[in-house]
Amino acid sequence: MKDYIIHHNWKIIEEGFNPEYNRISESIFSIGNGKMGQRANFEENYSGDSLNGTYVAGIYYPDKTRVGWWKNGYPEYFAKIINSTNWIGIRVKINGEELDLAKVKVLSFTRELDMQNGLLSRRFVAEMKNGNQVEVSSHRFVSITATEIGAIRYTVKALNYSGEIQVIPFLDGDVENEDSNYDEKFWVEISRAVGGNEGYLTVETLKTQFQLCTGMWFQLIKNGEKVDSKITNRNKEKYVEVSQKVEVSEGDEITVEKFSSTVSSLYYKNEELVEKAKEAIDLAADAGFDVLFESHKDAWLEKWETSDIIIEGDVAAQQGIRFNIFQLNQTYSGEDERLNIGPKGFTGEKYGGVTYWDTEAYCLPFYLSTAPQKVSRNLLVYRHKHLQKAIENAEKLGFTNGAALYPMVTINGEECHNEWEITFEEIHRNGAIAYAVYDYVNYTGDKEYLASYGFEVLLGISRFWSQRVNWSADKKKYVMLGVTGPNEYENNVNNNFHTSYMAVWTLKYTLEVIAYLKTEFPFLYEEMVTKWKFNEIQETEKWQDIINNMYFPRDEKRGIYLQQDGFLDKDLTPVSELAESDRPINQKWSWDRILRAPYIKQADTLQSIYLFQENFSAKEIKAHFDFYEPLTVHESSLSPCVHSILAAKIGYQEKSYEMYLRTARLDLDDYNNDTEDGLHITSMGGTWMSFVMGLGGMRVVNGELTFNPFLPDKWKSYSFRIDFGGAHLKVTKEGQYFVIENHSDCDVNALVWGDKVSIKGNDSVRLRKVAKHIL
Ligand code: BGC
């Protein structure tokens, strides 16, 4: 836990130079625009500890798998969205001495991330070895309107000397990943060109052969006037630089404006790349920093208009929730269905920047409620595009007849994960992907999606489940053997409740979807029956039999489902009785001890109870929560959000708030001591969920919007915004009151504390919680 970030409603601020926290700050202050992003590395040279990271969405390298004991079915590679050409670099020499904050005296230092406007800034005063002092201020953004453009304004003021400043803006494609499995470099050079104040560098990934061309342009300004001194340039393999010198007197200010363009073979033909990079650079140079920034800023304001959450009375909480929203919006913008959301987004190497079940389970709800419909639709279409690969993936494991097993980790549909207990057994991910189809259709009402994409995915997953279970002659039930649930601290268990529940639910939902398609899209349905060789009667009979006869481990005495067979044999000592020195158990205990212990890494049985709250009475939810929460160590950041939502549901408001707080400032306060690896982007979706669905008690039940809000004691009020049913709503909880403002022309109905309300277009309702609403 760290406490060095200054609390502010809209800004993330670091005061003072903290080299020991540099990797953490590089993660926290990351910027991105959905297409690319980067850690908050310094523009000038820095020889201190740092993780360089510039990432371009969709550009990956298949890093050859490294495992101790190879198992049939393991993937050959782990896809990584890799560190790519560094375009931010501007070396600075003061009277010939390199400005490097690890080597000079830093007299003051402030780093700021303005979340409202998407701007990263730094200001510092440094004293060089010969006593020359300079004040530097830098501003940087990656445009969310012109998504190929990055812009930097970097100013150096000579505080106490006269002499020479040399600036050397450069592009460096000779970069590597710290996590490279075999210490390989992933890029080769295709071309480089440098002349005048421009430079271009094209590199290509080995094996995948993605080409990336980065362009740069710069100008040097002294006291408001463009400097015309000679520009020289230099280049070597995977590197180009331009350089200009200027004489300054004490008090003079020089400014480098540097623009970059990043274009790739994902969008253009290889032979067009340099030209496209140049076009983008020309546009940026013509527009200039201020104009580019204005449109970027306006676009951010629009994003905040639909996604902001306001908390009155607690600045730390306000900063925390906005940080989560800001980072989610920086990571995924939903324009390209080939892109997705890595658990660390563009902020670090861990998890390879590629896709996990996190997207469907924790991120989708945020985009569904706060972004245009196409954004969440594209997240779903991403999986539809991978259906064939999911079928092949299942075939490799011995499944047949179009059964689909989506990968645990992927970028292009192929499995990348290589631990047997996860790759082969953590199959609940298939359930999350099926549930996402339901979630999307339930929230948006876009049932047409089922016909064009959804059914095919559901069919593949249902076929998988129907083959993955087996009939137990002993139990006279279907069972699901050898699985790993979301709680990865248990492996190879039998009858994991969550996995089996998701399987049965998928089968039921697919049957509903078939009935719907037969009525509404009969011709299309027939085409799909033929395309997928779907033997409807025979296959659905088996599904129905599984639905009717699935085995779920249960403890009747406690009135709860068990996480898996044999769970009650464990020593059920609660987490609260563990010594502090034993925590986190994943760092302190052997794996063997973890597997035998009752401690739950992340919501598991509670995960399906959260998804299907309507299928459980309040008493049942309470019984499960009371049993599992005391055994849960929440060592995955994806855990507290689910507990927070369920705690709110059963009236445990303090607990709900406590769990919410655990997620909200997870990275800002480096709660898990791992922010240096990158931010927990997907768990930020969970934070949003625990706010809106936990504190706000929002849920869409059978297409109907419902709220059961409460206000944490420490806050004066909160409000959040959602899009629903064509309307844009701002809801506010203040004291006993709950206000819904409808900022649209569409009328909307909702259920608040169980009462029906109608909110006409451009109108609002103000409701008060009364005794009958209290549990
Ligand atoms: C969690 C998984 C998650 C992965 C990536 C793991 O620690 O247990 O559920 O998919 O991290 O976020």
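Above this text sits the structure in question.
Figured I'd write up the structure that's included with this text.

The next subject is unusual backbone geometry. Cis geometry is adopted by the peptide bond preceding P584, which originates at R583 and carries an omega value of -15°. Counting through the fold element by element, P584 comes out in the loop between β26 (560-561) and α13 (585-588). Not every positive phi belongs to a glycine, and N95 is a case in point at roughly 45°. Here N95 shows up in the loop between β8 (90-94) and β9 (97-98). The phi torsion at N401 lies on the positive side, around 55°, for a residue other than glycine. Along the chain, N401 turns up in the loop between α6 (387-396) and α7 (420-423). Under the relative-accessibility criterion, N401 is labelled partly exposed at 39%.

This next bit is on the pairing of strand β22 (residues 309-312). Burial along β22 is one-sided: the residues I309 and I311 are buried and none of I310 and E312 is. Of the pairings in the sheet, the one linking β22 to strand β29 (residues 717-724) comprises four bridges and is antiparallel in character. Looking at β29, one finds that E312 is bridged to S717.

With that settled, the discussion passes to empty space enclosed by the protein. For the structure shown, the criterion picks out ten cavities of 30 Å³ or more. Empty space within the largest cavity amounts to approximately 130 Å³. Lining the largest cavity are 16 residues, with G58, I81, N340, G342 and G353 positioned closest to its centre. A per-class count over the lining of the largest cavity returns eight nonpolar, seven polar and one charged.

Taken together, the neighbourhood of the ligand is formed by P343, Y351, Y356, W357, D358, E488, K601, Q602, S636 and L638. Protein coverage of the free-state accessible area of the ligand, which is 310 Å², stands at 90%. Judged by the proximity of its atoms to the pocket grid, the ligand belongs to the largest pocket. When grouped by side-chain class, the residues that make up the shell around the ligand number five nonpolar, two polar and three charged.

Attention now moves to the packing of aromatic side chains. What the rule picks out here adds up to 64 aromatic pairs. Here the aromatic rings of F552 and Y561 are separated by 6.2 Å at their centres, their planes lie at 75°, and the arrangement is edge-to-face. Given the relative accessible area of 22%, F552 is considered partly exposed. What links up through ring pairs into an aromatic cluster is the set Y435, Y438, F497, Y501, W505, Y509, F552, Y561, F612 and F616.

All right, on to the pattern of salt bridges then. Under the definition given, this model contains 47 salt bridges. Across the pair D592 and R596 runs a salt bridge, and its minimum N-O distance is 2.6 Å. With D592 and R596 both in helix α14 (residues 591-596) and four residues apart, the pair spans about one turn of that helix. The partly exposed category is assigned to D592, whose relative accessible area is 43%. A salt bridge links E629 to K655; the nearest nitrogen and oxygen atoms lie 2.8 Å apart. Highlighted residues: E629 in the loop between α16 (618-628) and α17 (640-649) and K655 in helix α18 (residues 653-664), separated in sequence by 26 residues. Residue classification places E629 among the buried positions, given a relative accessible area of 10%.

Before going further, it helps to spend a moment on the state of the cysteines. Note on terminology: a disulfide is the covalent bond linking the sulfur atoms of two cysteines. The tally for this structure, following the rule as stated, stands at zero disulfides. Take C416: it sits in no disulfide, and the sulfur closest to it among the cysteines is that of C363, at 18 Å. Taking relative accessible area as the criterion, C416 reaches 0% and is therefore assigned buried.

Before going further, it helps to spend a moment on the nonpolar core. Core analysis: the largest hydrophobic core is formed by 229 residues, its most contacted members being F691 and F707. Among the elements that take part in this core, helix α10 (residues 497-520) stands out by supplying twelve residues, more than any other. The residues touching F707, leaving out its near neighbours within four places in the chain, are G696, G697, M698, F720, I722, V731, F738, I740, A750, L751, V752 and W753.

Our focus in this paragraph is the sheet that holds strand β20 (residues 239-248). If you walk across this open sheet you meet the five strands as β9-β8-β14-β20-β19, and the pairing is antiparallel. With partners counted over all chains shown, the strands left at the sheet margins are β9 and β19 (231-236), one partner each. Sheet analysis places β8 next to β9, joined by two bridges and oriented antiparallel. Considered in β9, the bridge of I94 is made with E97.

Below, the discussion takes up the layout of surface pockets. Space inside the largest pocket adds up to approximately 1,400 Å³. Lining the largest pocket are 49 residues, and of these K350, Y351, N586, K601 and E635 lie nearest its centre. Taken together, the elements giving at least two residues each to the lining of the largest pocket come down to β7 (77-81), α7, α13 and α19 (681-695). Within the lining of the largest pocket, the residues separate by chemical class into 15 nonpolar, 17 polar and 17 charged.

Calculation notes
- Position numbers for residues count from 1 along each chain, tracking the sequence in the order it is written.
- Whole-chain, interface and lining totals are the exception, using all residues; otherwise, since this is a predicted model, local features are given only for residues with pLDDT of at least 70 and side-chain atom pairs are given and counted only at 80 or more.
- Side-chain metrics in this entry use all non-hydrogen atoms of the structure; hydrogen atoms and water are not considered.
- Under the DSSP-based scheme used, a helix requires at least four consecutive residues in state H or I and a strand at least two consecutive residues in state E, with every element numbered from the N terminus.
- Throughout this description, buried means an accessible area under 20% of the type-specific maximum (1.4 Å probe, protein chains only), exposed means over 50%, and partly exposed covers the range between.
- By definition, two strands form a pair when at least two bridges between them are found by DSSP.
- Only protein atoms enter the 1 Å grid used here, on which a cavity is any set of points holding a 1.4 Å probe that cannot leave and a pocket is any open set flanked by protein within 12 Å on both sides along at least five of seven lines; residues with an atom within 4 Å of a point are listed as lining.
- Grid points are joined across faces, edges and corners, and a volume is the space filled by probe spheres set on the points.
- Charged residues are taken to be Asp, Glu, Lys and Arg, nonpolar residues to be Ala, Val, Leu, Ile, Met, Phe, Trp, Tyr, Cys and Pro, and polar residues to be all remaining types, Gly included.
- Any residue with a non-hydrogen atom lying within 4 Å of a molecule or strand is treated as near it.
- Shrake-Rupley sampling with a 1.4 Å probe provides the accessible areas, and residues are treated as covered by the protein chains on show and by no other component.
- Assignment of a molecule to a cavity or pocket requires that more than half of its atoms lie within 2 Å of the corresponding grid points.
- In this scheme Phe, Tyr and Trp rings, the latter by its six-membered ring, pair at centre separations within 6.5 Å, and the angle between planes marks the pair as stacked below 30 degrees, edge-to-face above 60, and tilted otherwise.
- Only one rule defines a salt bridge in this text: a Lys or Arg side-chain nitrogen within 4 Å of an Asp or Glu carboxyl oxygen.
- By definition, disulfides here are pairs of cysteine sulfur atoms that lie within 2.5 Å.
- Among buried residues, those of type Ala, Val, Leu, Ile, Met, Phe, Trp, Tyr and Cys that are joined through side-chain atoms within 4.5 Å constitute a nonpolar core.
- Residues are treated as being in contact if the distance between any of their heavy atoms lies within 4.5 Å.

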